Amino acid sequence: MNAPHATEVVGEAVLGAPEEADPAWPWHRPGVYAVAPGVFRIPLPLPDAGLHSVNAYVLDGPDGVVVVDPGQATPEGREHLARGLAMLGRHPRDVRRCLVTHVHRDHYTRAVELRREFGPGIALGRAERRSLALIADPAYSIVGTQLELLVRAGAADLARELADADDGVPRDLWEQPDTWLEDEAVDLGSRVLDAIPTPGHTRGHLVFRDDAAGLLLAGDHVLPHITPSIGFEPDVPDRPLGDYLRSLARVRALPDTWLLPAHGHVTSSVHRRVDELQEHHAHRLEETVVPLLERTCTAAEVAGRLRWTRRRRAFEELGPFDRMLAVLETRSHLDVLVDRGRARRAEDDGVERYAST
Ligand SMILES: [Zn+2]
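1. A look at the packing of helix 6 (residues 240–252) against helix 9 (residues 320–339)
Here's step 1: Viewed as axis vectors pointing N to C, helix 6 and helix 9 meet at an angle of 80°, and their least axial separation amounts to 7 Å. Judged by the angle between their axes, helix 6 and helix 9 are roughly perpendicular. Where helix 6 abuts helix 9, its residues P240, L241 and G242 lie against S332, H333, D335, V336 and D339.
Here's step 2: Across the contact of helix 6 with helix 9, the residue classes tally to three nonpolar, three polar and two charged.

As structure tokens, this is what we get:
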């Protein structure tokens, strides 16, 4: 594996060398961080206080600039990206292509704005097609299709609470990409990235792997500090956690590389973090089955018994949006338990209930 070895200083940030050496340095501190020759991380602030920022990765080569995940369409995001590019001697008009790992607003919507201003092409995973069509509908709400699932999961109250939630993104920003990517090599001239479908966080999520440089642009598939949400997308598949676990295994089977995540520091081993995530979900599946040993439960009831986030918070302490993510994620764990013969699911009056086997 080639280690990133840039050690220069650009703007406010100390570069490269490797970032994980100083975990006290907040990953979202504004600046430009050299990750590898011609590869730079620019954290862009997000309105969502929980996530802080999203990392745009700038691939700078003789044939222009490619941005992976240019972030969310907000004035701050636009300014930080432009400022970061300026530190590299570039301008947003030099961006010739945006590669987007998935259709969530904090990754996709700034790409559409950039295209409107300067015309770079946008590439997105083909399996996001239906979700994008649903979000682009003027009648869509952020929790639209999620509401129905919440009711089935036994969280009708929460569904009512969230009914008027709005994602703050103008509907007309959800334009189509220029290219729908599948499992394929993306030739950028000076480098080739393998676009690898990694369904789970969303149905059409892609990671981009630079084999020669030993880098994985992982989007939200593998995050260093948090576990990606499962089942939060307009077009929810049947078994999003099953998909996610298979996608983790796919990435784990490739030779190890540096991890370039969409949220968090760059770290030196994809394998190490995938191992932790696999362990997390194995442990979570065991925790999820425990309430079923006493009685039959809905997904919402099981979610209420579990602890959430790295701080192990109680379900009731979470805000409504996070409670929604928690219920959907619990439901995905329960369905994996059903697939593995550890639980049974029965639907009664439009509500799913789970029992241990
Ligand atoms: Zn994200």
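Next, the rest of the story.
2. Some points on the pairing of strand 7 (residues 95–99)
Here's step 1: When you tally the buried positions in strand 7, you get four out of five residues, the bulk of the element.
Here's step 2: Remark: the strand 6 (residues 64–68)/helix 1 (residues 75–87)/strand 7 crossover connection has right-handed handedness.
Here's step 3: Crossover handedness for the path strand 7 to helix 2 (residues 105–118) to strand 8 (residues 121–125): right-handed.

3. Things to note about the sheet that holds strand 4 (residues 39–45)
Here's step 1: Strand order in this open sheet of seven strands is 3-4-5-6-7-8-9, and the pairing throughout is mixed. Of all the strands in the sheet, the pair left with one neighbour each is strand 3 (33–36) and strand 9 (179–181). Within this sheet the neighbouring strands show an average axis-to-axis angle of 25°, counted without direction.
Here's step 2: Pairing between strand 5 (residues 53–61) and strand 6: five bridges, direction antiparallel. Counterpart to L59 in the pairing with strand 6 is V66.
Here's step 3: Against the sheet, helix 2 touches strand 5, strand 7 and strand 8, its axis set at about 155° to strand 7.

4. Notes on the confidence of the model for the protein chain
Here's step 1: The share of residues in the protein chain with pLDDT of 70 or more is 93%, and the mean pLDDT across the chain is 90.
Here's step 2: Low pLDDT (under 50) marks residues 1–18, which in the prediction has 42 contacts with non-local residues, meaning those over four places away or in another chain.

5. Notes on the domain arrangement of the protein chain
Here's step 1: You can read the domains of the protein chain as domain 1 (9–280) and domain 2 (291–356).
Here's step 2: In this complex, domain 1 contributes 20 residues to the contact, which on the side of domain 2 involves 20 residues.
Here's step 3: Going through the elements one at a time, helix 4 (144–152), helix 5 (156–162) and helix 6 are the ones with two or more residues in the side of domain 1 that touches domain 2.
Here's step 4: Element by element, the count of residues in the side of domain 1 that touches domain 2 is highest for helix 4, at five residues.

6. Quick word on helix 2
Here's step 1: With 14 residues, helix 2 extends 20 Å from end C-alpha to end C-alpha; this agrees with the ideal 20 Å at 1.5 Å per step.
Here's step 2: Buried positions along helix 2 lie against strand 5, helix 1, strand 7, strand 8 and strand 13 (215–219).
Here's step 3: Downstream of helix 2 by one or two residues, G119 has phi in the positive range, about 85°.

7. Description of the nonpolar core
The nonpolar side chains of soluble globular proteins are, as a tendency, buried together.
Here's step 1: Ranked by size, the top nonpolar core spans 79 residues in total, and within it F40, Y57, V58, L216, L217, L260 and V327 carry the most contacts.
Here's step 2: Of all the elements, helix 9 adds the most residues to this core, at seven residues.
Here's step 3: Taken together, domain 1 (9–280) and domain 2 (291–356) each give at least three residues to this core, which thus spans both.
Here's step 4: Setting aside chain neighbours within four positions, we find L216 in contact with V207, R209, T257, W258, L259, L260 and V270.

8. Some words on the sheet that holds strand 13
Here's step 1: Spatially, 10-11-12-13-14 is the arrangement adopted by the five strands of the open sheet, whose pairing is mixed. Each end of this open sheet is capped by a strand with a single partner; those strands are strand 10 (184–187) and strand 14 (258–261). Sheet twist, expressed as the average angle between the axes of neighbouring strands with direction ignored, equals 25°.
Here's step 2: As defined by bridge partners, strand 12 (residues 206–210) adjoins strand 13 across three bridges and the pair is classed as antiparallel. Note on strand 13: the bridge partner recorded for R209 is L216.

Calculation criteria
- Residues numbered from 1 in each chain as written.
- Predicted model: local features only at pLDDT ≥ 70, side-chain atom pairs only at ≥ 80, totals over all residues.
- Axes fitted to C-alpha atoms, helices over the stretch in contact; angles between N-to-C directions.
- Helix = DSSP H or I, 4+ residues; strand = E, 2+ residues; numbered from the N terminus.
- Parallel < 35°, antiparallel > 145°, perpendicular 65-115°, else oblique.
- Contact = placed C-beta atoms within 7 Å.
- Nonpolar A, V, L, I, M, F, W, Y, C, P; charged D, E, K, R; others polar.
- Buried ≥ 20, exposed ≤ 12 C-beta atoms within 10 Å, placed from the backbone.
- Right-handed = clockwise from strand over helix to strand, strands pointing away.
- Pairing = 2+ DSSP bridges.
- pLDDT = per-residue confidence, 0-100.
- Domains from an automatic or database assignment.
- Expected span 1.5 Å × (residues − 1).
- Core = buried A, V, L, I, M, F, W, Y, C linked by C-beta atoms within 7 Å.

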